[in-house]
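Descriptive analysis of the structure
For reference, the chains in residue letters:
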Amino acid sequence: MNPQLTAPDGRSPCRRSTADRGELLALCARTAAAGGRLVSLWASERVGAGSPGFMLHVALQDSVGLHVVGVELDALSPEYPDLSAIFPVAERLQRAAFDLVGVRAIAGDTRPWLRHDAWSATTFPLRHEPVTSAPDVSEPYAFVRVAGDGVHEIPVGPVHAGIIEPGHFRFSVVGEKVLRLEERLGYVHKGIEKRFEDLSLEQGARLAARISGDSAVAFSWAYCMAAEQVTNTLPPPRAAWLRALFLERERLANHLGDLGALGNDAGFAFGLTQFSRLKEDLLRANAHAFGARYLFDAIIPGGVAPDPSAKAMAELSGEADVLEGEVAALRKIYDNHAGMQDRFVGAGELTVQLAGLLGVIGIAGRASGQRWDLRCDSPQLPYTDLGVQRVLRTQGDVAARVAVRFDEIFESLRLCRQLLATMPEGPIATRPADARADASGFGWIEGWRGPAFVALTAGAGNSIARCHPHDPSWHNWPALEHAVIGNIVPDFPLINKSFNLSYSGHDL
Amino acid sequence: MLRVLKQIAHVGLLSEPLPAHSDEARLREALHADIARVFRRAVSIRQVDAGSCNGCELEIHALENPYYNLQGAGIRFVASPRHADLLLVTGPVSRHMVEALRRTYDATPDPKRVVAVGECGACGGIFGESYASAGAVANVIPVDVVVRGCPPTPTALLQGILAAVRAG
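Analysis parameters
- Numbers given to residues run from 1 along each chain, matching the order in which its sequence is written.
- Whichever chain is written first is A, and whichever ligand is written first is 1; the rest continue in order.
- Confidence filtering applies because this is a predicted model: local features only for residues at pLDDT of at least 70, side-chain atom pairs given and counted only at 80 or more, and all residues used for totals across whole chains, interfaces and linings.
- Counting from the N terminus, the helices are the DSSP runs of H or I reaching at least four residues and the strands are the DSSP runs of E reaching at least two.
- With C-alpha atoms as the basis for the radius of gyration, the globule rule is written as 2.2 Å multiplied by the number of residues raised to the power 0.38.
- Counting other C-beta atoms within 10 Å of each residue's C-beta, where C-beta atoms are placed from the backbone, gives the exposure class: buried for 20 or more, exposed for 12 or fewer, partly exposed between.
- Two residues qualify as a contact pair if the distance between their C-beta atoms, derived from the backbone, is within 7 Å.
- How far each domain reaches was decided by an automatic or database domain assignment.
- Only Asp, Glu, Lys and Arg are considered charged, only Ala, Val, Leu, Ile, Met, Phe, Trp, Tyr, Cys and Pro nonpolar, and every remaining residue, Gly among them, polar.
- We treat two strands as partners when DSSP finds at least two bridges between them.
- An axis is simply a line fitted to the C-alpha atoms; with a helix, the fit covers only the stretch in contact. Between two such axes, the angle follows the N-to-C directions and lies from 0 to 180 degrees.
- Should an angle fall under 35 degrees it is taken as roughly parallel, and over 145 as roughly antiparallel, whereas 65 to 115 is taken as roughly perpendicular and any remaining angle as oblique.
- Joined through C-beta atoms within 7 Å, a set of buried Ala, Val, Leu, Ile, Met, Phe, Trp, Tyr and Cys residues constitutes a nonpolar core.

Side note on the overall build of chain A
- The helix and strand tally for chain A stands at 16 helices and 14 strands.
- Taken over C-alpha atoms, the radius of gyration comes to 22 Å for chain A, in line with the 23 Å a tight globule of 508 residues would show.
- Across its three principal axes, chain A shows a C-alpha extent of roughly 70 × 65 × 45 Å.
- Residues classed as buried in chain A amount to 54% of the 508 residues present.

This is the structure:
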């Protein structure tokens, strides 16, 4: 057993343990049976002192909080039991761990997931030998074929028709009805985990913010939380409050944008015009108060960078009141618009039971009865004192995912007002001490889409030995494949948008 | 329906007024003139995400909000490269997107312009060149204009589009 990591920010500490391959399966089964879930799964190569080999890392969430298990794997034949029967989300994570590190889940799906043709099947980018050349021939991907009279295949992407990230969707349809959807992602794999290893602990925060631009605050906070653990740094209170303010404003910006886009996807362009105006107002207010529309570099290890004046904060408070009135008016219009409700209600339904089985998380989860919200389940400063109200729906359709966004906007506005009213004075950053080499830290933040997780191991001289970010989209992409079944193809953009999952955050 | 009309009346027209001395005003007026001169019709843009973090996409979306009102300047986004005059490409170019980007470029008829967006589109940004990233958009297709920023503001994007249109 490794000693407990104390999180100095008010959250219950992360538990760490080691297990062997046999114990791993039993531990996962016990966690799942008690209502816990898989947070992430990743692998790393052991180098340096001691025997060479590989480590599998499994992060779990149970009623106490975060529990990270390390499993030593054999150097010559690094294998471990397939966890996907217990945690379905493990399936793709396991395939990705093989693509990047070459550790294999026994009897798991062996198709590559993140690897297309940028590297060959026998090279592993996250190992310490450098990747030399790419394979000569592009290997075809074995999509599951659907047979039957009148079944057609519609391939969509990677380049999509709108202003959206790339990915491939393979539909099997009869007429307009979707029989099956299979996703193929990995098109925007940029080698982020490897890139972290080139950067210092301080520089890593900038990369973390750019894992998924729409979640820059969530990921940079999660990264900085981990960096602060390995340097034993406690940011000052004003920094914690400002971080939460930035996070809630990021939540607001994304929810406003999505509500407009969803209206547009249902043919109600008025909605897009109105919500995009409100989002623009919010971004301009960010620029005025914090110096940038998008807060990519606002969170740094030890604290934050921008320090808004009292006047700017008073203006933000006033703007929050105005925004609340505007959104309330638009909600009435949305709720009463028969044509749009006809599109929203019943489309892309994900039942509570299926969402639970698949481990769906974040806003999509909360629209299908999955209560998880780190701000309530495992809060850190300042959320410990804010009493965040959980938003929950059970219909699991597009209408429910719209309702969750509306409800969360009002809750976020309430939180912003409270944060502004109770903002501590004082410094906005503490200079981090040197990291303990080989120390590990874990950051975990309820971003707007769901919980963003960052596992970080420091190297010598404040370098990064290993950094594994986990975007909540990993949990929800498989659920989309289920949600579209039985819907018509023209409703796919609407259903996809109602989930609004990250491609870049997923592909790393 | 009444609520919708009331809301429209309440919000009013937001397209920003064009004071003669403002850079942004001159920009938009110049854009109109240049579009007419080079393309003789509205500019159609095909946006391609070749590997971005999705931050640049957020600011590109903002171009269509009522403040920037891109469509009011005669510019619209189209669904196919075959309908496009200009490719607006965010990067870095992931190696898994190289072929798709090349095919999109080839499918765009002449005359065409390419605008590479953001620090990543310009030089690979924080991702650089690696086993997974081919770096700048210009490493894969010819680029006429680069709009720097991380992400670039909608105004900077407008200036980049204008510069590309004028370059003809």
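From this point on, the discussion continues.
Section: the overall build of chain B
- A tally of helices and strands in chain B yields 6 helices and 5 strands.
- For chain B, the succession of helices and strands along the chain, N to C, is α-α-β-α-β-β-α-β-α-β-α.
- Partitioning the intrachain contacts of chain B with sequence separation of at least 6 by distance along the chain shows that 79% fall at a separation of at least 24.

Focus on the domain arrangement of chain A
Residues and elements named next belong to chain A.
- Under the domain assignment, chain A is made up of domain 1 (15-106) and domain 2 (200-507).
- Inter-centroid distance (C-alpha atoms) of domain 1 to domain 2 is 27 Å.
- Contact residues are listed per partner, giving 16 residues for domain 1 and 14 residues for domain 2.
- When residues in the side of domain 1 that touches domain 2 are grouped by element, the largest group, 6 residues, is from strand β2 (residues 37-46).
- Tallied by class, residues from the side of domain 1 that touches domain 2 come to 10 nonpolar, 4 polar and 2 charged.

Thoughts on the sheet that holds strand β8 (residues 168-174) of chain A
Residues and elements named next belong to chain A.
- Pairing is antiparallel across the open sheet formed by 3 strands, whose spatial order is β7-β8-β9. On the outer flanks of this sheet lie β7 (151-156) and β9 (177-184), each paired with one strand and no other. Averaged over neighbouring strand pairs, the angle between their axes works out to 20° when direction is ignored.
- Of the strand pairs in this sheet, β8 and β9 are connected by 7 bridges, and their pairing is antiparallel. If you follow R170 over to β9, its bridge partner there is E182.

Some words on the interface of chain A and chain B
- Listed as interface residues are 43 residues of chain A and, on the opposing side, 39 residues of chain B.
- Put simply, the parts of the chain that give the side of chain A that touches chain B at least two residues each are α3 (192-196), α4 (201-209), α7 (269-290) and α8 (310-336) of chain A.
- In terms of residues, the side of chain A that touches chain B owes the most to one element, α7 of chain A, which gives 6 residues.
- A class-by-class count of the residues in the side of chain A that touches chain B yields 20 nonpolar, 12 polar and 11 charged.

Comments concerning the sheet that holds strand β13 (residues 451-458) of chain A
Residues and elements named next belong to chain A.
- Spatially, β12-β13-β14 is the arrangement adopted by the 3 strands of the open sheet, whose pairing is antiparallel. Taken across any chain shown, the strands that pair with only one partner, and hence form the sheet edges, are β12 (440-446) and β14 (464-470). Averaged over all adjacent pairs, the angle separating strand axes in this sheet is 10°, with direction ignored.
- Pairing between β12 and β13: 7 bridges, direction antiparallel. Bridging across to β13, F442 finds its partner in A455.

Digging into the packing of helix α6 (residues 237-265) of chain A against helix α15 (residues 492-499) of chain A
Residues and elements named next belong to chain A.
- Where α6 contacts α15, the axes come no closer than 9 Å and their chain directions differ by 170°. Comparing their axes, α15 and α6 come out roughly antiparallel. Residues D258, A261, L262 and D265 of α6 touch α15, and the partners they reach there are P493, L494, K497 and S498.
- Considered class by class, the residues forming the contact of α6 with α15 number 4 nonpolar, 1 polar and 3 charged.

Here's the deal with the environment of L60 of chain A
All names here are of chain A.
- Within the secondary structure, L60 is located in strand β3 (residues 53-61).
- Since 22 C-beta atoms lie within 10 Å of it, L60 is described here as buried.
- Each C-alpha atom of the pair L60 and L38 lies 4.6 Å from the other, and the pair is 22 residues apart in sequence.

Some words on α4 of chain A
- The complete set of buried residues in α4 of chain A reads L201, G204, A205, L207, A208 and A209 of chain A.
- Against α3, α5 (216-230), β10 (299-300), β13 and β14 of chain A lie the buried residues of α4 of chain A.

Quick look at the nonpolar core
- By size, the foremost hydrophobic cluster in this structure holds 198 residues, and its most contacted members are A222 of chain A together with V89 and V115 of chain B.
- Among the elements that make up this core, the one with the highest residue count is α6 of chain A (14 residues).
- The two domains that each donate at least three residues to this core are domain 1 (15-106) and domain 2 (200-507) of chain A.
- Here V115 of chain B is in contact with L86, L88, V89, D144, V145, V147, G160, I161 and A164 of chain B, once residues within four sequence places are set aside.

Brief notes about the environment of G135 of chain B
All names here are of chain B.
- Mapped onto the elements of the fold, G135 is located in the loop between α5 (118-123) and β5 (145-147).
- Assessed through the 22 C-beta atoms surrounding it within 10 Å, G135 is described here as buried.
- Residues G135 and C123, 12 residues apart in the sequence, show an inter-C-alpha distance of 5.9 Å.
- With sequence-adjacent residues up to four places away left out, G135 is seen in contact with P92, V93, C123, G124, G128 and E129.

Some words on unusual backbone geometry
- For the peptide bond that leads from G157 of chain A to P158 of chain A, omega is 15°, which places it in the cis range.
- Note on placement: P158 of chain A falls in the loop between β7 and β8.
- Cis rather than trans, the peptide bond between C150 of chain B and P151 of chain B has omega equal to -10°.
- Among the secondary structure elements, P151 of chain B is positioned in the loop between β5 and α6 (154-166).
- Of note in this structure, D438 of chain A is not a glycine but carries a positive phi near 75°.

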